[in-house]
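Structural overview for review
Chain by chain, the residues run as shown.
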Amino acid sequence: MQRRTFIKQTSILTALASTQTLASNNPSTQFPMVISTWKNEKANEAAWASLQKTGRALDAVEAGARIPEADPNDTSVGYGGFPDRDGNVTLDACIMDEKGNAGSVTFLQHIMHPISVARAVMEKTPHVMLSGEGALQFALSQGFKKENLLTDVAKKAWEEWKKTSKYEPKINIERHDTIGLLALGTKGEISGACTTSGLAFKMHGRVGDSPVIGAAVFCDDEVGGACATGLGEFVLKTLGSFLIVELMRNGKTPQQACEEAIMRIVKRYNYKEFQIGYLALNKKGEYGAYSIQSGFSYTITENGVTKVIESKYYMK
Ligand code: ASP
């Protein structure tokens, strides 16, 4: 490249970069707002109520995640979550704030609100991730209560599954309700969270993407955030949320970034057999979503109004 062309291109890029900085501070920027995977109106409403109180995105995503965690009818998250193939409810969660702080728990049992334990890991320890027995001990030391999370409904479903399963963990398309949330606070700062009981009837000890920062959730306050749901193994293998944030950093819209992240999976893996859904939100309040199969939806709350939107998807 000739030097003059280089200088010209560089100055265009610099001009573009400063427009973006201006745009992200623009008063027309849409915040606060909350967006979450699947049909999760109650979670969004709790997140919105939290925003009215503290204005902080981090409080909002935690408050939202706690709703399905405590709901016995949600069989993919927290209390009432379907157990692993040995009958244990094991939980994964992570949380990340606008400063790049992160906390997570994996393979946690007996605690109704893993998202709050993840936040405590972030705020009260020098670590990012605590697992299994250690995570439980930490939770108890922080005043969380030990509870039985296996409901009668989940136990029955597991007993039914055992009759025909041959003890084989199954990849399935339908059973994904993991909640991932992203929020912009009243100052426009971004945070994200994710919480799950993981795949129904998984192998004991299996951990998916949901507690892994960069896989299930990633936020960068210069750019925005992303979160994931679906078969965690493929989100892990492609580090989907980190990828989406980096694509947005390089100029893609949230929609384009989600589509590109799904294409990375489609190109390399036997995608017809499983579902992944991605959600992204940038600092301007623009959002996007994309999944492999039909059926993925997301819930958005802006100006106090909550609506559920069907995501675009790859497999027609
Ligand atoms: N991503 C979760 C996992 O793999 C499952 C889900 O989204 O339902 O554990």
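Reference entry: report on the structure contained in this document. (Residues numbered from 1 in each chain as written. Predicted model: local features only at pLDDT ≥ 70, side-chain atom pairs only at ≥ 80, totals over all residues. Heavy atoms only, no water.)

**Looking at the side chain of Glu 98**
- By secondary structure assignment, the location of Glu 98 is in the loop between strand 2 (91–96) and strand 3 (102–108).
- The residues touching Glu 98, leaving out its near neighbours within four places in the chain, are Arg 56, Glu 189, Ile 190, Ser 191 and Asp 221. (Helix = DSSP H or I, 4+ residues; strand = E, 2+ residues; numbered from the N terminus. Contact = heavy atoms within 4.5 Å.)

**A few points about the environment of Asn 101**
- Its place among the elements puts Asn 101 in the loop between strand 2 and strand 3.
- Residues contacting Asn 101, with those up to four places away along its chain left out, are Ile 95, Met 96 and Met 122.

**Details of the pattern of salt bridges**
- Within this structure, the stated rule accounts for 13 salt bridges.
- In this structure, Arg 119 and Glu 62 form a salt bridge, with 2.8 Å as the shortest nitrogen-oxygen distance. Of this pair, Arg 119 sits in helix 4 (residues 114–124) while Glu 62 sits in helix 3 (residues 57–70), placing them 57 residues apart in sequence.
- Overall, the relative accessible area of 12% leaves Arg 119 in the buried class.
- Residue classification places Glu 62 among the buried residues on the basis of a relative accessible area of 14%.
- With a shortest N-O distance of 2.8 Å, Arg 206 and Glu 233 are connected by a salt bridge. Taken together, the residues Arg 206 in the loop between strand 6 (190–196) and strand 7 (217–220) and Glu 233 in helix 7 (residues 232–238) connect sequence positions 27 residues apart.
- Salt bridges linked by common partners bring Asp 59, Glu 62, Arg 119 and Glu 123 together as one network. (Salt bridge = Lys/Arg side-chain N within 4 Å of Asp/Glu carboxyl O. Buried < 20%, exposed > 50% of the residue type's maximum accessible area, 1.4 Å probe, protein only.)

**Topic: the packing of helix 8 (residues 240–249) against helix 9 (residues 254–268)**
- Viewed as axis vectors pointing N to C, helix 8 and helix 9 meet at an angle of 135°, and their least axial separation amounts to 9 Å. Classified by the interaxial angle, the pair formed by helix 8 and helix 9 is oblique. Between helix 8 and helix 9 the crossing geometry is right-handed. Note on element contacts: helix 9 touches helix 8 through Pro 254, Ala 257, Cys 258, Glu 260, Ala 261 and Arg 264, opposite Gly 240, Leu 243, Ile 244, Leu 247 and Met 248. (Axes fitted to C-alpha atoms, helices over the stretch in contact; angles between N-to-C directions. Parallel < 35°, antiparallel > 145°, perpendicular 65-115°, else oblique. Left-handed = near helix turned anticlockwise from the far one by under 90°.)

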